[in-house]
Amino acid sequence: STQSTWVDTKYEFGVDENGKLHVIDEVNTPDSSRMVDIEEYESKYPQIAKAFEDAAKAGQPFANVSKLLDKHPSLKIKEFSKQYVRDALISMGFDGKGPLQLSNEVVIECSYRYVAVCERLTGLPFPFPQDSDGADSLILRQRLVSNLQRTGLLSPAGGVALIFAGSDSDAPHINKLVEQLAAFKIPSVVRICSAHKQPAKLEETLNYYNRSAQACVIVACAGGTDALSGTASFHSLHPVVSCPPDGLDNRTCLTNPPGSSNAFIARPDNLARFVAQTFSSRSLFLQKFILTNAKEKVEKLVKADTKFQSGK
């Protein structure tokens, strides 16, 4: 196999409240280190050093090695690191501001270099997904979410509630939904998108969340004639629950045509509990929370019954 070496790396440390030193970032990966082929390095590095020295003797010194390599690109040593992406961005004139789309060629080459690092460090071939039904991809997405939850970057609730409202005039009801969901530690995202006035935007937004690796429940919050819940449940991969601001007075979502599969819950607190139950299969935190909450309510009823029976 090809022999490799690190040409540089960095380690980040931090001190906790007790003064103990910890490594606080990844170690020896292409994000923090640069790996090269030993053979290429031993061949080209002396040439780079000589070219640098010769230029200085000729009275035309290079400010740094990067300037030299700009003039003599054939001497550049291929690095297996994220430096490749940096170089690509610089060549495109990127100044660090605003979005920038990398070409497919750059993405593929960067991916290849990361795969190569994995193979060189482990001595094993990289296990590319072989399935045609997407099962491996699904497992990877689940692992990603699980790791983010374990590190605290995602909520332990196991999912997120997407509150779709037809108008910001429903803000008081939206705030109630957010508050009740927060009681179960369920994060929420609010989107304002009218099914009547912005059908194209609504479909585009639903398709965006269809790509989410995290579990979602869509809460439709629309008064009057509720076209939002029906449209959302038709286009979305996620379950949709209608909780209109006008409550039981608005049951238009119950008459949606075939293909619209939304549920209906009138009370924000019941809606939040339903969402929690939906996520509970992937969240031990919510399982315990729901069962503990139910137990406390039953115990409260038992105490009240005992109090009235004793006359105290």
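Computed from a predicted structure; not experimentally measured.

### Looking at the overall build of the protein
If you tally the helices and strands in the protein, you get ten helices and nine strands. For 312 residues, the compact-globule estimate of 2.2 N^0.38 gives 20 Å, and the C-alpha radius of gyration of the protein, at 29 Å, exceeds that figure by more than 25%. Judged by the C-alpha coordinates and their principal axes, the protein covers about 100 × 55 × 40 Å. As displayed, the protein has an accessible area near 20000 Å², and 56% of this comes from carbon and sulfur atoms. Of the charged side chains in the protein, 35 are positive and 35 negative; the average position of the first set lies 7 Å away from that of the second.

### With respect to the packing of aromatic side chains
For any pair of aromatic rings, the description rests on two quantities: the centre-to-centre distance and the angle between the ring planes. Scanning the entire structure with this criterion turns up five aromatic pairs. Taking the centre distance of 6.2 Å and the plane angle of 75° together, the rings of Phe164 and Tyr209 count as edge-to-face. Here the residue Phe164 occupies a position in strand β5 (residues 159-165), and Tyr209 occupies one in helix α7 (residues 199-210), the gap between them amounting to 45 residues. A single burial state applies to Phe164 and to Tyr209, both of which are buried. Between Phe285 and Phe289, the ring centres sit 5.9 Å apart and the planes meet at 45°, which makes this aromatic pair tilted. Here Phe285 pairs with Phe289, and both are found in helix α10 (residues 284-310), just four residues apart, close to one helical turn. Ring pairing ties together the aromatic residues Phe164, Tyr208 and Tyr209, which thus form one cluster.

### Describing the sheet that holds strand β6 (residues 188-192)
Strand order in the open sheet formed by five strands is β6-β5-β7-β8-β9, with parallel pairing between adjacent strands. The open sheet terminates on both sides in strands that have one partner only, identified here as β6 and β9 (263-264). Relative to strand β8 (residues 240-242), strand β7 (residues 215-221) runs parallel, the two sharing three bridges. What sits directly across from Ala220, in β8, is Ser242. Across the face of the sheet, helix α6 (residues 171-182) comes into contact with β5, β6 and β7 while running at roughly 170° to β5. This element, helix α9 (residues 268-279), spans β5, β7 and β8 of the sheet and lies at about 160° to β7.

### Focus: the nonpolar core
Counting 23 residues, the largest nonpolar core has Leu181, Ile186 and Leu271 as its most contacted members. Breaking this core down by element, the ones donating at least two residues are β5, α6, β7, α9 and α10. Here this core takes five residues from α9, the largest share from any one element. Apart from the residues within four sequence positions on either side, Leu271 is in contact with Leu177, Leu181, Val219, Val241, Cys243 and Ile265. By size, the runner-up hydrophobic cluster in this structure holds 15 residues, among which are Leu162, Phe164, Ala195 and Leu228.

### Topic: the environment of Ser229
Mapped onto the secondary structure, Ser229 falls in helix α8 (residues 228-235). Between the C-alpha atoms of Ser229 and Val219, which are ten residues apart in sequence, the distance is 8.1 Å. Other than its neighbours up to four places away in sequence, Ser229 contacts Ala220, Val240, Ser242, Cys253, Asn256 and Asn262. A polar side-chain atom of Ser229 sits 3.4 Å from a polar atom in the side chain of Asn256.

### Description of the packing of helix α3 (residues 83-91) against helix α4 (residues 104-122)
Closest axis-to-axis distance for the α3/α4 pair is 9 Å, and the angle between their directions is 160°. In terms of their interaxial angle, α3 and α4 are classed as roughly antiparallel. The chirality of how α3 crosses α4 is right-handed. Along the contact surface, α3 presents Tyr84, Val85 and Ala88, while α4 presents Glu105, Val106, Glu109, Cys110 and Arg113. A class-by-class count of the residues in the contact of α3 with α4 yields five nonpolar, no polar and three charged.

Cut-offs used in this document
- Residues numbered from 1 in each chain as written.
- Predicted model: local features only at pLDDT ≥ 70, side-chain atom pairs only at ≥ 80, totals over all residues.
- Heavy atoms only, no water.
- Helix = DSSP H or I, 4+ residues; strand = E, 2+ residues; numbered from the N terminus.
- Rg over C-alpha atoms; globule rule 2.2 N^0.38 Å.
- Areas by Shrake-Rupley, 256 points an atom, 1.4 Å probe, with all protein chains shown as cover.
- Lys, Arg positive; Asp, Glu negative; His and termini not counted.
- Charge placed at Lys NZ, Arg CZ, Asp CG, Glu CD.
- Phe/Tyr/Trp six-rings, centres within 6.5 Å; stacked < 30°, edge-to-face > 60°.
- Buried < 20%, exposed > 50% of the residue type's maximum accessible area, 1.4 Å probe, protein only.
- Pairing = 2+ DSSP bridges.
- Contact = heavy atoms within 4.5 Å.
- Axes fitted to C-alpha atoms, helices over the stretch in contact; angles between N-to-C directions.
- Core = buried A, V, L, I, M, F, W, Y, C linked by side-chain atoms within 4.5 Å.
- Polar contact = N/O pair within 3.5 Å; in protein donor to acceptor, adjacent residues only side chain to side chain.
- Parallel < 35°, antiparallel > 145°, perpendicular 65-115°, else oblique.
- Left-handed = near helix turned anticlockwise from the far one by under 90°.
- Nonpolar A, V, L, I, M, F, W, Y, C, P; charged D, E, K, R; others polar.

Keep in mind that these numbers describe shape and distance, not what the molecule does.
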